[in-house]
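Remarks on the overall topology
Single-letter residue listing:
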Amino acid sequence: MEHNFYTLLGVSSTATAAEIKKAYHKKALQYHPDKNPGDAEAEKKFKEVNLAHEVLSDPKKREAYDRVGHSAFQNQQGGGGYEGFHGFGEGDFSSIFEDLFSDFVGGSRSRSPQSSQKGGDLHYQIAVSLEEAFAGISTEIQFPTYSSCATCQGSGSKSKAKPKNCGSCRGRGRVHVQRGLFAIETECKACYGMGSTISDPCSDCKGEGRTRGQKKLSISIPAGIHDQSQIRMSGKGETGKRGGTSGDLYVQVHIKPHELFERKDNDLYCDYPVSMTLAALGGDIDIPCIDGQTVTVKIPEGAQYNQKIIVRHKGMSQLNRSQRGDLCVMAKIYIPVHLTAKQKVSLQDFHEEEKNKTHEVKGFFSKIKKFVKNLSVCFLG
Ligand SMILES: [Zn+2]
Ligand SMILES: [Zn+2]
């Protein structure tokens, strides 16, 4: 069945006002948040039912809805596909409705002109090294944006006279424009959505009260910051029009890959080449740390490939905490190549000795024995 306001309320498209009212009361009661605490699906349904009632209980709105059809809501979503009512966020539905039907209905949505005076939010990406993320840095960034006009001090007026209500939109900042079948609400061109005009606009900013240029800003990146973290700087985005509120600046931090260390949470991992003999005999190695110091790490006797040796509190700094994460040294044991004659003799001796003791790999050899035995059984059988 086609999903629309009628099917939502469970009435026919010819239902009377009384039937609609009755059906709405029933559905509203069923999905009421008080009856379904914490149920997001019910809450959504409750809103949809309310909207359906709002439209169908008003004869003018109902007539417009019947004429244009429910699919108008679908078209309004930019071809993203109709997903029942689920593609809409809270509030979207009523605004779409008013955008679509304001002409028929004479809708009077009051969107504050102040909202179009607000400066936009800005997003800035910054890349830092792992060392910088470890220690934290203060740096200066520069980006193009709107700042308050210096000539008129943001007023937009040469004489700093008070702006007057815009005649075209009667101070609303928005006007209705006919687009084919639909009346769409858009920003008023006469006042740029500000709802007011200035008789003697400032020549530098054309009355907007702000000019575009490069803005420099100091930012602090705290020690221990994580990759992809976002720092919000309230009011540091675009300056609003004619003294309107400024937007916010969001700085996203990217940490560049490091040659030696890989970060996992607050720990740092380092692959360290350990010779076969050092791994067998054990011994100390010096490892560089992210703070520029070195630390002596004990490779235990008989260390195995990829064995993790943890050095406490020598890893990454932690946000708002004094204790650092750990440094994890991964022993990457390697086999020597290009042996000297002397090394060959020593290793030969080592090999002879090693042949006699196979207990370290006993488990494996017992498996081999079993396998060979099974094989012979197979062939004999
Ligand atoms: Zn100006
Ligand atoms: Zn206007």
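Parameters at a glance
- Residues numbered from 1 in each chain as written.
- Chains lettered and ligands numbered in written order.
- Predicted model: local features only at pLDDT ≥ 70, side-chain atom pairs only at ≥ 80, totals over all residues.
- Heavy atoms only, no water.
- Helix = DSSP H or I, 4+ residues; strand = E, 2+ residues; numbered from the N terminus.
- Buried < 20%, exposed > 50% of the residue type's maximum accessible area, 1.4 Å probe, protein only.
- Contact = heavy atoms within 4.5 Å.
- Areas by Shrake-Rupley, 256 points an atom, 1.4 Å probe, with all protein chains shown as cover.
- Phe/Tyr/Trp six-rings, centres within 6.5 Å; stacked < 30°, edge-to-face > 60°.
- Lys NZ or Arg CZ within 6 Å of the ring centre and 35° of its normal.
- Donors = N, O, S within 2.8 Å, 3.2 Å for Na, K, Ca; no water.
- Tetrahedral: all angles 85-135°; square planar, octahedral: opposite > 155°, others 65-115°.
- Expected span 1.5 Å × (residues − 1).
- Arc of directions from axis to C-beta.
- Patch = residues over 30% accessible without salt bridge, like charges linked within 9 Å, V, L, I, M, F, W, Y side chains within 5 Å.
- Salt bridge = Lys/Arg side-chain N within 4 Å of Asp/Glu carboxyl O.
- Pairing = 2+ DSSP bridges.
- Axes fitted to C-alpha atoms, helices over the stretch in contact; angles between N-to-C directions.

Considering the overall build of the protein chain
- Scanning the protein chain from terminus to terminus reveals 11 helices and 15 strands.
- Residue burial in the protein chain is summarised as follows: out of 381 residues, 37% are buried.
- Look at the contacts in the protein chain between residues 6 or more apart in sequence, and 63% of them connect residues 24 or more apart.
- Of the roughly 23,200 Å² of accessible surface on the protein chain, a fraction of 52% belongs to carbon and sulfur atoms.

A look at the packing of aromatic side chains
- In this structure the tally under the stated criterion is 1 aromatic pair.
- The ring of Tyr146 is capped by Arg212, whose NZ or CZ atom sits 5.1 Å from the centre of that ring.
- Looking at Lys264, its charged tip hangs above the ring of Tyr269, at a distance of 4.3 Å from the centre.

Some words on the coordination of the zinc ion (ligand 1)
- Protein coordination of the zinc ion (ligand 1) is provided by Cys149 (SG), Cys152 (SG), Cys202 (SG) and Cys205 (SG), with donor distances spanning 2.2 to 2.3 Å.
- Considering all 4 donor atoms around the zinc ion (ligand 1), the spread of angles at the metal, 104 to 115°, places the coordination shape in the tetrahedral class.

Points about helix H2 (residues 17–31)
- Along its 15 residues, H2 runs 21 Å from first to last C-alpha, staying within 8% of the 21 Å computed at 1.5 Å per residue.
- Three or more residues of H2 are buried, namely Ile20, Ala23, Tyr24, Ala28 and Tyr31. In a view along the axis of H2, the buried residues occupy a sector of 130°, so they form one face of it. Facing away from the buried side of H2 by more than 90 degrees, the exposed set consists of Ala18, Lys21, Lys22, Lys26 and Leu29.

A few points about the coordination of the zinc ion (ligand 2)
- Coordination of the zinc ion (ligand 2) by the protein is provided by Cys166 (SG), Cys169 (SG), Cys188 (SG) and Cys191 (SG), with metal-donor distances spanning 2.2 to 2.3 Å.
- Viewed at the metal, the 4 donor atoms of the zinc ion (ligand 2) are separated by angles of 103 to 117°, and the geometry they form is tetrahedral.

Quick word on a nonpolar patch on the surface
- Taken together, the side chains of Phe364, Phe365, Ile368, Phe371, Val372, Leu375 and Phe379 define a hydrophobic patch exposed on the protein surface, amounting to about 730 Å² of accessible area.
- Exposure remark for Phe379: the relative accessible area of 71% places this residue in the exposed category.

Some remarks on the sheet that holds strand S9 (residues 249–255)
- In spatial order, the strands read S1-S9-S8; together these 3 strands make up an open sheet with mixed pairing. Every other strand in the sheet has two partners, leaving strand S1 (122–128) and strand S8 (230–233) as the edge strands with one partner each. On average, adjacent strands in this sheet sit at an angle of 25° to one another, irrespective of strand direction.
- As defined by bridge partners, S1 adjoins S9 across 7 bridges and the pair is classed as parallel.

Considerations on the sheet that holds strand S15 (residues 327–334)
- Within the open sheet, the 4 strands sit side by side as S10-S11-S15-S14. Their pairing is mixed. Either end of the sheet is taken by a strand with one partner, and the two such strands are strand S10 (261–264) and strand S14 (308–311). Strand after strand, the sheet turns through a mean of 30° between neighbouring axes, direction not considered.
- Summarising the sheet, S14 and S15 pair through 4 bridges and their orientation is antiparallel. Residue Lys308 lies in a different strand from S15, and its bridge partner there is Met330.

Examining the pattern of salt bridges
- Taken as a whole and assessed by the stated rule, the structure comprises 12 salt bridges.
- In this structure, Arg210 engages Glu238 in a salt bridge whose closest nitrogen and oxygen atoms are separated by 3.4 Å. With Arg210 in strand S7 (residues 210–221) and Glu238 in the loop between S8 and S9, this residue pair connects regions lying 28 residues apart in the sequence.
- Assessed through its relative accessible area of 16%, Glu238 is described here as buried.
- With its nearest N and O atoms 2.4 Å apart, the salt bridge here joins Asp326 to Arg312. Of this pair, Asp326 sits in the loop between S14 and S15 while Arg312 sits in the loop between S14 and S15, and the two are 14 residues apart along the sequence.
- A network of salt bridges, in which partner residues are shared, links Arg172, Arg174 and Glu185.

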